Amino acid sequence: QVQLVESGGGLVQAGGSLRLSCAASGRTFSSYAMGWFRQAPGKERESVAAISRSGATTYYGDSVKGRFTIVRDNAKNTVYLQMNSLKPEDTAVYYCAAARVFGGSDYWGQGTQVTVSG
């Protein structure tokens, strides 16, 4: 099992940037694929980005391609989501997830709020 703790959310103006971090407990971090999801009020949770165990493979949702970057540091048991050119529609609670399968979600963090003002 792995515990996940997100940080880095906050309030930012449109066009600004934020970097989210997700710190994982345990010594098996590198055995999990990781992902970022988000859920806006009244909407379903959606996949934002995913990264393979080694970091060699990534996935981005269409709405964030070219603006968001997911990276991981297995030595620090941490995955990051760099978010640039933020838009009001990026406002949501962002969740980190660990999975045995790329793109999946077996374990969740508690979420961090991102609010983009227009």
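This text follows the structure it describes.
All values reported here derive from a predicted model rather than from experimental measurement.

A. Spatial organisation of the overall build of the protein chain. Helices and strands together make up the secondary structure of the protein chain, namely zero helices and eleven strands. Against the 2.2 N^0.38 benchmark of 13 Å for 118 residues, the protein chain shows a C-alpha radius of gyration of 13 Å, consistent with a compact globule. Seen through its principal axes, the protein chain has C-alpha atoms that stretch 40 × 25 × 25 Å. Looking at the protein chain alone, contacts between residues at least 24 apart form 54% of all its contacts between residues at least 6 apart.

B. View of the packing of aromatic side chains. The tally for this structure, following the rule as stated, stands at three aromatic pairs. Both rings, one in Tyr95 and one in Trp108, keep their centres 6.2 Å apart while their planes meet at 85°; by these two values the pair is edge-to-face. In this pair, Tyr95 sits in strand S9 (residues 92-99) while Trp108 sits in strand S10 (residues 107-108), placing the two residues 13 residues apart along the sequence. One aromatic cluster is present, formed by Phe37, Tyr95 and Trp108 through successive ring pairs. The ring of Trp108 is capped by Arg45, whose NZ or CZ atom sits 4.4 Å from the centre of that ring. Between the NZ or CZ atom of Arg72 and the centre of the ring of Phe29, over which it lies, the distance is 4.5 Å.

Calculation notes
Residues numbered from 1 in each chain as written. Predicted model: local features only at pLDDT ≥ 70, side-chain atom pairs only at ≥ 80, totals over all residues. Heavy atoms only, no water. Helix = DSSP H or I, 4+ residues; strand = E, 2+ residues; numbered from the N terminus. Rg over C-alpha atoms; globule rule 2.2 N^0.38 Å. Contact = heavy atoms within 4.5 Å. Phe/Tyr/Trp six-rings, centres within 6.5 Å; stacked < 30°, edge-to-face > 60°. Lys NZ or Arg CZ within 6 Å of the ring centre and 35° of its normal.

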